[in-house]
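For reference, the chains in residue letters:
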Protein chains: 2
Amino acid sequence: MALDDIKTPFGEVRGALGGAATYASVAASLFTDVGVVAVVGDDFPKEHVEFLKKRGIDTGGIKFAKGKTFRWSGLYEFDMNQAHTLKTELNVFAEFSPEIPAGFHDADFLFLANIDPEIQASALKQMDGVKFSALDTMNFWITGKRERLVKAIGSVDAVFINDAEARQLCKTHNLVKAAKEIIKMGPEYVVIKKGEHGALLFSKEGCFAAPAFPLEDVIDPTGAGDSFAGAAMGWLARTGNIGERNVRKAIMYGSAVASYNAEHFGLNKLKALTVKDVEDRVRRFKELTCFD
Amino acid sequence: MALDDIKTPFGEVRGALGGAATYASVAASLFTDVGVVAVVGDDFPKEHVEFLKKRGIDTGGIKFAKGKTFRWSGLYEFDMNQAHTLKTELNVFAEFSPEIPAGFHDADFLFLANIDPEIQASALKQMDGVKFSALDTMNFWITGKRERLVKAIGSVDAVFINDAEARQLCKTHNLVKAAKEIIKMGPEYVVIKKGEHGALLFSKEGCFAAPAFPLEDVIDPTGAGDSFAGAAMGWLARTGNIGERNVRKAIMYGSAVASYNAEHFGLNKLKALTVKDVEDRVRRFKELTCFD
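The rules we used
- Residues numbered from 1 in each chain as written.
- Chains lettered and ligands numbered in written order.
- Predicted model: local features only at pLDDT ≥ 70, side-chain atom pairs only at ≥ 80, totals over all residues.
- Heavy atoms only, no water.
- Helix = DSSP H or I, 4+ residues; strand = E, 2+ residues; numbered from the N terminus.
- Rg over C-alpha atoms; globule rule 2.2 N^0.38 Å.
- Areas by Shrake-Rupley, 256 points an atom, 1.4 Å probe, with all protein chains shown as cover.
- Pairing = 2+ DSSP bridges.
- Axes fitted to C-alpha atoms, helices over the stretch in contact; angles between N-to-C directions.
- Least-squares fit on C-alpha atoms with pLDDT ≥ 70 in both.
- Contact = heavy atoms within 4.5 Å.
- Buried < 20%, exposed > 50% of the residue type's maximum accessible area, 1.4 Å probe, protein only.
- Salt bridge = Lys/Arg side-chain N within 4 Å of Asp/Glu carboxyl O.
- Phe/Tyr/Trp six-rings, centres within 6.5 Å; stacked < 30°, edge-to-face > 60°.
- Lys NZ or Arg CZ within 6 Å of the ring centre and 35° of its normal.

Participant: Any chance you could break down the overall build of chain A for me, citing the residues and the numbers?
Facilitator: Along its length, chain A carries eleven helices and twelve strands. Taken over the C-alpha trace, chain A has a radius of gyration of 18 Å; the compact-globule value for 292 residues is 19 Å, and the two agree within 12%. By its C-alpha atoms, chain A is 55 × 40 × 35 Å across when sized along the principal axes. Accessible surface, chain A: about 12,500 Å² in total, of which carbon and sulfur atoms supply 50%.

Here it is in structure tokens:
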């Protein structure tokens, strides 16, 4: 969980509630009961915790540590597909070693947001066996902890990764080749996120191409990937079905939530979003891709 | 029509038959009768003309001028979405002013491949009123002949343009905004080509998102945009239906042909392609985008 300073061509916010765990859990909470595990500092506003609780999110896994909350400062220029990191202050995040609360051990669905792959592995190990686990990652771990990351990938059911990261991880420009390489590492599903170009799902059963929703006003893409993954995981948990056809649907729910998320700063849009809104957009996705 | 020298990470060819008019007419000839208007030099191999004739293409509009054929030398690195032009020799193309043969004047469908927008306008004027016309363009004309280009765009029914060009033409990074701007210039349809990310169709009736076919082996993307547009135009001519639902289908036929085209050097793949091959891939596109 983070406090974000974000500047885009359409405005800026300072100290806004952010972080992968936040976006993912808020998005998932549209569809299912969520427990979040994270760390914040003593500067973390109480109202943020209250907000999460009001969404029905179990905040019992949030550790309140001495020091400052993780802080990210980012800038987007007119190419909103590209975030420019101005500053990353790890703060209490630097020493974070997540402990999964006893009440969370029997959860069926686990999303390991981007963090050190060793920590992802440790979190997975603390669970009493999950039905479906997924992880996200980033270039930093591909460069710095490749072996650990490959091992972590081998222990989950699905990987969420963006196109540049997939290319970097598999040392090929071709995304189909990269996806096949990642599938060989062990997971059943690989979801390659392409920002404004949508997402691709790969599995042994083939490939599914999800478009992005064509938005005229992208205000702030922060959290798009995490709200995408969170909503997809939430949909899977709600339906309890992890078959390929339902994973396709999950990706469309994820795409819908991510597209809404980009229409306002930070979590502002997600705060007021309803399942009906999401279903409306999923229907529009159908119309968007129909060629009968 | 051109003779191309192409180098990619997978090999190279020299003096291969190429050019926008070639790719577009060969692709369109899968679906309909085609007449091509172009210029070549006295170095142009007779076998290329024979090849076009064998495809049923009326070559009566090819002008044989004194001098050398237009020659393009291009290089692709591992990012096959990006062509690097090494050399462009206009040769006989520099003085080209197309004359539409009398027998072509009553054609219903006209595709104006990328060339000076004044020449596109002149070609359109020579026709006895067409049912459906489309043009393609490039950054060179957006920079150098913007007003003429905007006027030409206003006189056709559809524009084929790639994402970078649409952004440049409309001075916005947002493709939805760019498409709306172009629609305001007059055409009913705008097709934004995004290479490996597919294509977007915009009209007053809304938006359609076509994925690209996920290819594991892209050998040579030369001519992808022209075979895409040519096949789409061919499909429209074959069916005679220019309604939005059928334009969507045309785009999928175009995407299928373009994806095959990239699997071999130059025209090698298109040469042996059948309508059945294309229909197979259109069916696979349906499976690729289905989330029921």
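Back to the write-up after that little detour.
Participant: An account of the sheet that holds strand 2 (residues 11–18) of chain B is needed here, citing residue identities and associated values.
Facilitator: Residue and element names in this part refer to chain B. As summarised here, the arrangement of the four strands in space is 2-1-5-6, forming an open sheet in which the pairing is mixed. The open sheet is flanked by strand 2 and strand 6 (83–89), the only strands paired with a single partner. Across this sheet, the average inter-strand angle for adjacent strands is 15 degrees, counted without regard to direction. Here six bridges tie strand 1 (residues 2–8) to strand 5 (residues 70–76), and the two strands are oriented parallel to one another. For lysine 7, the partnering residue across the bridge sits in strand 5 and is leucine 75.

Participant: Tell me about the relation of the copies chain A and chain B, residues and numbers included.
Facilitator: The second copy of the chain is related to the first by a rotation about an axis and a shift along the axis. When chain A is fitted onto chain B, the two copies agree to an RMSD of 0.0 Å after a turn of 180 degrees and an axial shift of 0.0 Å. Seen this way, the second copy is the image of the first under a two-fold rotation axis. Of the C-alpha atoms belonging to chain A, the one lying closest to the rotation axis is found on histidine 197 of chain A, 3.0 Å away. Interface residue correspondence from chain A to chain B reaches 100%, placing this contact among same-surface, isologous pairings.

Participant: Talk me through unusual backbone geometry; I want residue IDs and the actual numbers.
Facilitator: Look at asparagine 91 of chain A: it is not a glycine, yet its phi comes out positive at around 50 degrees. Positionally, asparagine 91 of chain A belongs in the loop between strand 6 (83–89) and strand 7 (109–112). Even without glycine at this site, lysine 171 of chain B takes up a positive phi of about 50 degrees. Relative to the assigned elements, lysine 171 of chain B resides in the loop between helix 6 (163–170) and helix 7 (175–184). Judged by its relative accessible area of 68%, lysine 171 of chain B is exposed.

Participant: Go over the side chain of asparagine 246 of chain A, please, and point to the residues and values.
Facilitator: All names here are of chain A. For asparagine 246, the location among the structural elements is in helix 9 (residues 244–261). We classify asparagine 246 as buried; its relative accessible area is 8%. Every residue in contact with asparagine 246, bar those within four places of it in the chain, is listed here: Trp235, Leu236, Thr239 and Asn241.

Participant: Describe the pattern of salt bridges, listing the residues and the values that go with them.
Facilitator: Residue and element names in this part refer to chain A. Here the structure, examined in full by the defined rule, presents 36 salt bridges over all chains. The shortest N-O distance in the salt bridge between glutamate 118 and arginine 148 comes to 3.7 Å. Separated by 30 residues along the polypeptide, glutamate 118 in helix 3 (residues 117–126) and arginine 148 in helix 5 (residues 146–154) bring together distant segments of the chain. Here glutamate 118 falls in the partly exposed class, since its relative accessible area comes to 33%. Under the relative-accessibility criterion, arginine 148 is labelled partly exposed at 44%.

Participant: Got a sec to walk through the side chain of serine 255 of chain A? Specific residues and values, please.
Facilitator: Within the secondary structure, serine 255 of chain A is located in helix 9. If we skip the residues at most four places from it in the chain, serine 255 of chain A touches Ala210, Pro211, Phe228 and Phe285 of chain A.

Participant: Could you give an account of the packing of aromatic side chains, naming the residues involved and the relevant values?
Facilitator: According to the stated counting rule, one finds 24 aromatic pairs over all chains in the structure shown. Relative to phenylalanine 96 of chain B, the ring of phenylalanine 93 of chain B has its centre 6.1 Å away and its plane inclined at 25 degrees; by these criteria the two rings are stacked. Looking at phenylalanine 96 of chain B, the relative accessible area reads 9%, which means it is buried. A centroid spacing of 3.9 Å and a plane angle of 10 degrees characterise the contact between tryptophan 235 of chain B and tyrosine 253 of chain B, whose relative ring orientation is stacked. Note that tryptophan 235 of chain B is positioned in helix 8 (residues 224–239) and tyrosine 253 of chain B in helix 9 (residues 244–261), a separation of 18 residues in sequence. For tryptophan 235 of chain B, a relative accessible area of 9% corresponds to the buried category. Tyrosine 253 of chain B sits in the buried class, given a relative accessible area of 7%. A cation sits over an aromatic face here: lysine 286 of chain A above phenylalanine 291 of chain B, 4.6 Å from the ring centre.

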